[in-house]
Amino acid sequence: CIRDRESAVETDGSIYLLHDRRRTGRVAAAPHLVGAHGRGRPLERTMIRIVCILTLVVAFGTVAAPPHPAAAEGNPPVSGWMEQFSFIDPPRPAPQTPFLAGDGTEVTMADFEGRVLVVNFWATWCAPCVKELPSLDRLQAALQEEGLLVMAISQDRQGAQVAAPFLKDLGVERLGLFLDPRMKLGAQFGVRALPWTVVVDRDGRIVGELPGLAEWDAPETIELLRHYLRQGAEEQLERTGSAVPGG
C-alpha cells in the first residue's frame, strides 16, 4: 500500500499545507509544497491508506520503526529540532547548476567549497520560511568564524527586487542572499517544499537535508553543524599543518 510521492516543481507560488508532528511533542510548522498542490485527494485514497495501516498492525502486532540513521550508520547524534534531519549516506556531490548572488553575479556551489554550507531555500510568500529566517541569521553570527556560511537562496520569481528589501525589513543582516528565480537549482537539489535546507560539507558534498521549519540556532542544531565543521577543520589541518580560524 505504497503510493508514489508527487514531486513536480512549479513556479507560480501555489501552496498547500502538510501537517507533521515531531517526536518531541512539538507541532512542526507545515512546509509549503513547491508544486504538487491539489484540490484535495479523494476520500477513497485516504480510506485505503487507513485500511492498509490497520492490516499491518493486526498482522504483525506492532510496526517496528527502523533504527535512526545516526545510530545505524555512525552519524552524529540528533535530537530536538534536528530529529527530522535526514543524513545522506554516502554523501553526494552538490549540483553545479548556476544561480545568482544578491548583486546579480552568476555563481555555482563550487565557488564556496572549503566552508560548511547551510543552503536554505525560501520565499517571501512562505510563512514558515519567514519564521525561521531570524534563527538562520543568528546561526550565521554564531558559527561564521568556524567556517560556516548560511546561504539564503530565494525562490521568488522577482529576484532581488523583492527578496533584498524583505530581508532588510525582517531585520536579517548577516545572511548571504542568493537568487534562484526559476527554481533550477532547487530542482537539482530535490526541493519539494519550502522551507527546505541542505547541509554541504567543506568538500562540496551534500551530507543531509531537512524539509520544513527548524530553529537553526538551537543547541542541538549548533552541535550537529559543529560535527561537520570540526571534521573539515581537522582534515584541513592535516593537509596544511596550520591552524584553522575559529578552531
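As shown above, the structure is provided for reference.
To start, this report covers the structure provided alongside it. Not measured: the values here are computed from a predicted model.

What counts and how
- Sequence order as written defines the numbering, with residues in each chain counted from 1.
- Since the coordinates come from a predicted model, pLDDT governs what is reported: local features require at least 70, and pairs of side-chain atoms require 80 or more to be given and counted, while whole-chain, interface and lining totals use all residues.
- The side-chain values count all of the structure's non-hydrogen atoms but skip hydrogen atoms and water molecules.
- In this text, helices come from DSSP runs of H or I with a minimum length of four residues, and strands from runs of E with a minimum of two, each type numbered from the N-terminal end.
- For the purposes of this analysis, a disulfide is any pair of cysteine sulfur atoms at a distance within 2.5 Å.
- Between buried and exposed lies partly exposed: a residue is buried under 20% and exposed over 50% of the maximum accessible area for its type, with that area taken using a 1.4 Å probe on protein chains only.
- Strands pair, by our definition, only if DSSP identifies at least two bridges between them.
- Here a Phe, Tyr or Trp ring, Trp counted by its six-membered ring, pairs with any other such ring whose centre lies within 6.5 Å, and the pair is stacked when the planes are under 30 degrees apart, edge-to-face when over 60, and tilted otherwise.

### Some points on the environment of Ala 101
Then, in step 1: Inspection of the secondary structure assignment puts Ala 101 in strand 5 (residues 99–101).
Then, in step 2: Measuring from C-alpha to C-alpha, the distance between Ala 101 and Ala 160 comes to 9.1 Å, with 59 residues separating the pair along the chain.

### Observations regarding the state of the cysteines
Then, in step 1: For the coordinates displayed, the defined rule picks out one disulfide.
Then, in step 2: The disulfide partner of Cys 126 is Cys 129, and the gap between their sulfur atoms is 2.3 Å. Measuring handedness by torsion sign, the sulfur bridge of Cys 126 and Cys 129 sits at about 80° and is right-handed. When sorted by exposure, Cys 126 lands in the same class as Cys 129, which is buried.

### Here's the deal with unusual backbone geometry
Then, in step 1: For the bond from Asp 89 to Pro 90, the omega torsion is 5°, close enough to zero to count as cis.
Then, in step 2: Here Pro 90 is to be found in strand 4 (residues 86–93).
Then, in step 3: For the bond running from Leu 194 to Pro 195, omega is -5°, close enough to zero to count as cis.
Then, in step 4: The residue Pro 195 is located in the loop between strand 10 (193–194) and strand 11 (196–200) in this model.
Then, in step 5: Despite not being glycine, Met 183 shows a phi value in the positive range, around 60°.
Then, in step 6: Within the fold, Met 183 resides in the loop between strand 9 (176–179) and helix 5 (184–188).

### Comments concerning the pairing of strand 11
Then, in step 1: With five of its five residues buried, strand 11 lies for the most part within the structure.
Then, in step 2: With burial as the criterion, each face of strand 11 is covered, one bearing Trp 196, Val 198 and Val 200 and the other bearing Thr 197 and Val 199.
Then, in step 3: One ladder, built from five bridges, connects strand 7 (residues 116–122) with strand 11; its direction is antiparallel. Within strand 11, the position partnered with Phe 121 by the bridge is Trp 196.
Then, in step 4: The pairing of strand 11 with strand 12 (residues 205–211) spans five bridges and is antiparallel. Directly across from Val 200, in strand 12, lies its bridge partner Ile 206.
Then, in step 5: Counted between consecutive antiparallel strands, the loop separating strand 11 from strand 12 contains four residues, among which Gly 204 sits at a positive phi close to 80°.

### With respect to the packing of aromatic side chains
Then, in step 1: Throughout the structure, instances matching the rule amount to five aromatic pairs.
Then, in step 2: Summarising the aromatic geometry, the rings of Phe 112 and Phe 178 are spaced 5.5 Å apart at their centres and angled 85° between planes, so their arrangement reads as edge-to-face. Placement of Phe 112 in the loop between strand 6 (106–107) and strand 7 and of Phe 178 in strand 9 is noted, with a sequence separation of 66 residues between them. For the residue pair Phe 112 and Phe 178, the accessibility class agrees, reading buried in each case.

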